[in-house]
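Secondary and tertiary structure notes
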Amino acid sequence: MKMEGCRKDFPILKDGKLIYFDNACMTLKPKQVIDAVTGYYTEYSACGDRAHHRLGKRVTEEVAKSRNTLRKFINARKDEDIIFTKNATEAINLVANGLGLNRSDKVLTTDREHNSNLLPWQRCKAKHEVFNVEDEIDLDSFEEQAQGTRLVSFPHICNMDGMVLPVKDMIKRAHKQGALVLVDAAQSVPHTEVDVRSLDADFIAFSGHKMCGPTGTGVLYGKKELLEGLSPLLLGGDTVLDSTYESYTLAGLPSRLEAGLQNYAGIIGFGQAAAYLKKIGLSKIEKHETALNQQLKRGIKSIKNVRLLGPENSSGITGFMAEGIDPHNIAMLLDQTANIMVRSGQHCVHSWFNSRGLPGSVRASLYLYNTAEEVETFINQLSKVLSKIS
């Protein structure tokens, strides 16, 4: 796929020297998003919803546009199904704290969870169980363990190695056992077409900063009747219709779950990011990343004493370990000697690495602005770095 044309939209890539392979953590921002954010601060920096002057009305209108853009982006039914959060982490915590789970409930997650989809369930009152995922998931075993479960929560794409879970089948089987389903889609919504109606997930969480959007932005999608049943994580401005010294009346969706003054600039930029990706086409982005990732895996496999993590077929994320070498040293040397940015460590999946006695890995993650030439450079420089420190 020829995606090089979009690189001109990213100011940080202007000089052509930076090779950025840390997209699973944070993506770069195109000029369209940057302009949307600065436009709010320079042209109509005011409060939305509560202000009736023209600047306030402009903010309200722009936030509503972003909500509608993101609704269409994942094919949700109504704008009320989209709750703005700071990130996927807050979205998951909103569900974990708002469902009213008790000690008689069971929550099931996988053994490959980001801490954001593990710790909230460990802290809640429900019994937490873990389903072990191999390179190919056993759906029958998964369904058996989902019996008697109040909620099942799992990633669409695993952030440490790019493994793609068969989420549609998992959702169907979990529903068959009467369980609700939350999908951590932080690594999938930015990279592939996600249709929430087709998936039939009860909740989906994702972040703006992983899809060319501003930091401090995210979405909790939920079926309306389930969102209405959640207890708000926070209470305050805009969450109520009225209050007295003794009581309050909650507002409708989405306001009741979006407490306080919002990150208006971020939300407006988030909408622009979704529109930008939609214009390019998620199917094109996915094909581009898949081709680059196959090239990347072939190159890494050609280097001696390097072990790939996860299945052979994965998304645009590749994790690997070099025998006897600290992954942080590899990442630092790639940065210092070749201007290549990758992630090293346990990638907020400490539980998986600790259970296997592994110190961590190096993670290279790709996006629409990366190129085959960059992958080739990465392989060459990685080989040089490893030869120096092995």
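My aim in this report is to walk through the structure given alongside it, one point at a time. Computed from a prediction, not measured in an experiment: that's the story for all the values here.

Topic: empty space enclosed by the protein
Counting across every chain of the model gives one cavity of 30 Å³ or more. Empty space within the largest cavity amounts to approximately 60 Å³.

Topic: the nonpolar core
Judged by nonpolar contacts, the single largest core of 66 residues is most densely connected at F154, I204, M211, L277 and L368. Counting residues per element, this core draws most heavily on helix α9 (residues 264-280), at ten residues. Filtering out sequence-adjacent residues up to four positions away, L368 remains in contact with M3, C6, F10, C212, Y276, L277, I280, I285, H288 and E289.

Looking at the layout of surface pockets
Of the voids in this model, the largest pocket is the one considered here, and its volume is about 310 Å³. If you go around the largest pocket, you meet 24 residues; those closest to its centre are H114, S116, A186, Q187 and K210. Counting residues per element, the lining of the largest pocket draws most heavily on helix α3 (residues 88-98), at three residues. Of the residues contributing to the lining of the largest pocket, the split by class is ten nonpolar, nine polar and five charged. The computed volume of the second largest pocket comes to approximately 250 Å³. In terms of lining residues, the second largest pocket is bounded by 17 residues, among which F84, K86, E90, A259 and Q262 are the most central. Its residues placed into classes, the lining of the second largest pocket shows nine nonpolar, five polar and three charged.

Brief notes about helix α10 (residues 282-301)
Over its 20 residues, α10 extends 28 Å from the first C-alpha to the last, a length consistent with the 28 Å expected when each residue adds 1.5 Å. Along α10, the residues that are buried comprise L282, I285, H288, E289, L292, N293, L296, K297, G299 and I300. The arc enclosing the buried residues of α10, seen along the axis, measures out at 165°, which places them on a common side. In α10, the exposed positions angled more than 90 degrees off the buried face are occupied by K287, R298 and K301.

Quick notes on the pattern of salt bridges
Following the criterion strictly, the structure yields 21 salt bridges and no others. For D238, the salt bridge is made with R50, and the minimal N-O distance between the two is 3.4 Å. Of this pair, D238 sits in the loop between α8 (224-228) and β9 (240-243) while R50 sits in the loop between α1 (31-43) and α2 (54-74), and the two are 188 residues apart along the sequence. Take R50: its relative accessible area is 38%, and that puts it in the partly exposed class.

Some details on helix α6 (residues 167-176)
Every buried residue of α6 is listed here: V167, M170, I171 and A174. Relative to the axis of α6, the buried residues are bounded by an arc of 100° and lie together on one face. Across α6 from its buried face, at more than 90 degrees, point the exposed residues K172 and K176. Packed against the buried residues of α6 are α5 (139-145), β5 (151-155), β6 (180-184) and α7 (196-199).

Quick notes on the side chain of H347
Locating H347 in the fold gives a position in the loop between β14 (343-345) and α12 (350-355). At 2.9 Å, the side chain of H347 and the side chain of S361 are in polar contact. Not counting chain neighbours up to four residues away, the residues in contact with H347 comprise H114, N159, M160, F353, S361, V362 and R363.

About the cut-offs
Residues numbered from 1 in each chain as written. Predicted model: local features only at pLDDT ≥ 70, side-chain atom pairs only at ≥ 80, totals over all residues. Heavy atoms only, no water. 1 Å grid on protein atoms, 1.4 Å probe; cavity = no way out; pocket = protein on both sides within 12 Å on 5 of 7 lines; lining within 4 Å. Points joined across faces, edges and corners; volume = space filled by probe spheres on them. Core = buried A, V, L, I, M, F, W, Y, C linked by side-chain atoms within 4.5 Å. Buried < 20%, exposed > 50% of the residue type's maximum accessible area, 1.4 Å probe, protein only. Helix = DSSP H or I, 4+ residues; strand = E, 2+ residues; numbered from the N terminus. Contact = heavy atoms within 4.5 Å. Nonpolar A, V, L, I, M, F, W, Y, C, P; charged D, E, K, R; others polar. Expected span 1.5 Å × (residues − 1). Arc of directions from axis to C-beta. Salt bridge = Lys/Arg side-chain N within 4 Å of Asp/Glu carboxyl O. Polar contact = N/O pair within 3.5 Å; in protein donor to acceptor, adjacent residues only side chain to side chain.

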